[in-house]
Amino acid sequence: MDYNLLGNSGLTVSKYALGTIPFTGTNGFENAGGMSQQQANKMIDYALDQGINQFDTANLYSKGDSEIALGKAIRDKRHDMVISSKTGFQLTDNPNDGGASRLNIERSVNESLQRLNTDYIDLYYTHLWDGQVPTMETIQAMNDLIQQGKIRYWGVSNYSGWALAKTHTLAVTNNMAPPIAQQIYYTPEAREAEYELLPAGKELGVGNSIWSPLGEGLLTGKVSRTKSGEAGTRQGDGWPEPYIKDHELFYNLVDVLNDIATQHNVSVAQVTLAWLRDRPNVDSLVLAARTQAQLQDNIASYNLQLTDNEIKTITELTNPEPIYPLWHRAMNAYDKASTSEKTYLEGYNNLMNNKDSML
């Protein structure tokens, strides 16, 4: 397992992280998992043995029960663990129990610390952008928590590119600690993060951590044009996420992933993770395995080396349509692009040139 500094910070993290959505499976998360505390302990131990030091949770997951399970699983291993949690989603009818206000952030972190049974959280995220709250209020609240020693660093999740830039810029210009990481959704099926978020993170010094790299169960090989999701899973029980823009393209992608998996005698999940692992500007992937066997399989993907042709096949099949101003920049100002975005602009040019040749 490789390690790197997360964003422009001194926090060293493993390329893979272990997510805790499947740990309890209560309070609306029944189809996302569910395991005993003993099994959760074993998952933590195995991840640590494999070199993973990142462990991610949120007050949203099973409405705090996942944090409790992670807290019990820490035992005497806290020094070896980088723990992240999040707040922001509305959890009760109380209008102040959600969002990125000072009140919700301070209340939430204290509750999370109790559930996790720890004195501090290494990395604390706002789970969503709150356009109703002044951005400086969120920044100040997070910085106060750092000063109080309750968190070490902070980050954002599910922000737009402009919201990330606004937050980072306001923090820096006011001599405050900016977010060091963003958690974003990014898979070979859903590559919108390439438009702004991935290069923005790199340019701003904000680490890019990918949540649900297997598409919330879509990209495991268990869903295809001939198979529906299994009962008792998110994709088998009507879970609304993720949004699929083009179902035919999704099915074609699954076919390609299956073919490549067969060539390597590995799972579709491994192929998906291996492609994502080496994408530009990706700093970490948050795994969310439901069983020990799934976790072992997911982590094994770290040693899977796809061929250049296999990578090209996946990449070209799902290359996103360039939106303005990206198609204009790709056509007319590719040589002015920063290193963090050139790969994406090159892909747009290839796609546009191939379409032009078919006219």
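- Going by an unreviewed UniProt entry, the protein chain carries the name Aldo/keto reductase and comes from Staphylococcus lloydii.

## Points about the overall build of the protein chain
And step 1. A count of helical and extended segments in the protein chain gives twelve helices and ten strands.
And step 2. The C-alpha radius of gyration computed for the protein chain amounts to 20 Å, which stays within 12% of the reference 21 Å derived for 359 residues, consistent with globular compactness.
And step 3. In terms of overall dimensions, the protein chain has C-alpha extents of about 60 × 45 × 40 Å along its principal axes.
And step 4. Going through the 359 residues of the protein chain one by one, you find that 53% of them count as buried.
And step 5. Taking contacts inside the protein chain between residues at least 6 apart in sequence as the whole, the part at least 24 apart equals 74%.
And step 6. Accessible area for the protein chain stands at about 15,800 Å²; split by element, carbon and sulfur atoms hold 48% of it.
And step 7. Of note, the protein chain has its 29 positive side-chain charges centred 2 Å away from the centre of its 42 negative side-chain charges.

## Side note on helix 1 (residues 37–49)
Given 3.6 residues per helical turn, the α-helix brings residues three or four places apart onto the same face.
And step 1. With 13 residues, helix 1 should cover 18 Å at 1.5 Å per step; its first-to-last C-alpha distance of 18 Å lies within 8% of that length.
And step 2. Buried residues belonging to helix 1 abut strand 3 (16–19), strand 4 (54–56), helix 2 (65–74) and helix 9 (292–300).

## Section: the pairing of strand 10 (residues 284–287)
And step 1. Where burial is concerned, the two faces of strand 10 agree: the one with Ser284 and Val286 and the one with Leu285 and Leu287 are both buried.
And step 2. Where strand 3 and strand 10 come together, three bridges link them in parallel fashion. Among the inter-strand pairings, Tyr16 is bridged to a residue of strand 10, identified as Leu285.
And step 3. Bridge analysis of strand 9 (residues 207–211) against strand 10 gives three bridges, and the strand direction is parallel. Within the sheet, the bridge partner assigned to Trp211 lies in strand 10 and is Val286.

## Focus on the sheet that holds strand 6 (residues 121–126)
Across a sheet, paired strands are connected by hydrogen bonds in the backbone, their directions being either parallel or antiparallel.
And step 1. Taken in spatial order, the eight strands close into a barrel running 3-4-5-6-7-8-9-10, and their pairing is parallel. Recorded for the sheet is a direction-independent mean angle of 30° between the axes of neighbouring strands.
And step 2. Bridge count for strand 5 (residues 82–87) against strand 6 is four bridges, and the pairing is parallel. By the bridge assignment, Ser85 is partnered in strand 6 with Tyr124.
And step 3. Its contacts with the sheet place helix 4 (residues 135–148) against strand 6 and strand 7 (151–157), and it is angled at close to 155° to strand 7.

## Quick word on the pattern of salt bridges
And step 1. Tallied over the entire structure, the rule returns 17 salt bridges.
And step 2. Linking Glu192 and Lys245 is a salt bridge whose minimum nitrogen-to-oxygen distance equals 3.0 Å. One end of the pair, Glu192, is in the loop between strand 8 (181–185) and helix 6 (197–204); the other, Lys245, is in the loop between strand 9 and helix 7 (247–264), with 53 residues separating them in the sequence.
And step 3. Judged by its relative accessible area of 35%, Glu192 is partly exposed.
And step 4. According to the relative accessible area criterion, Lys245 is partly exposed, its value standing at 43%.
And step 5. Among the salt bridges present, the one from Glu341 reaches Arg329, with a minimum N-O distance of 2.8 Å. One end of the pair, Glu341, is in helix 12 (residues 339–357); the other, Arg329, is in helix 11 (residues 326–332), with twelve residues separating them in the sequence.
And step 6. A network of salt bridges, in which partner residues are shared, links Asp45, Arg75 and Lys77.

## Here's the deal with the pairing of strand 3
And step 1. Of the two faces of strand 3, the one lined by Tyr16 and Leu18 and the one lined by Ala17 and Gly19 are each fully buried.
And step 2. As defined by bridge partners, strand 3 adjoins strand 4 across three bridges and the pair is classed as parallel. Across the sheet, residue Leu18 finds its bridge partner in strand 4, namely Phe55.
And step 3. With respect to chirality, the unit in which strand 3 leads through helix 1 into the neighbouring parallel strand 4 is right-handed.

## Here we look at the environment of Leu91
And step 1. The residue Leu91 is located in the loop between strand 5 and helix 3 (102–116) in this model.
And step 2. Residue class for Leu91 comes out partly exposed when judged on its relative accessible area of 24%.
And step 3. Remark: the alpha-carbon pair of Leu91 and Lys222, spanning 131 residues in sequence, is separated by 31 Å.

Conventions used here
Residues numbered from 1 in each chain as written. Predicted model: local features only at pLDDT ≥ 70, side-chain atom pairs only at ≥ 80, totals over all residues. Heavy atoms only, no water. Helix = DSSP H or I, 4+ residues; strand = E, 2+ residues; numbered from the N terminus. Rg over C-alpha atoms; globule rule 2.2 N^0.38 Å. Buried < 20%, exposed > 50% of the residue type's maximum accessible area, 1.4 Å probe, protein only. Contact = heavy atoms within 4.5 Å. Areas by Shrake-Rupley, 256 points an atom, 1.4 Å probe, with all protein chains shown as cover. Lys, Arg positive; Asp, Glu negative; His and termini not counted. Charge placed at Lys NZ, Arg CZ, Asp CG, Glu CD. Expected span 1.5 Å × (residues − 1). Pairing = 2+ DSSP bridges. Axes fitted to C-alpha atoms, helices over the stretch in contact; angles between N-to-C directions. Salt bridge = Lys/Arg side-chain N within 4 Å of Asp/Glu carboxyl O. Right-handed = clockwise from strand over helix to strand, strands pointing away.

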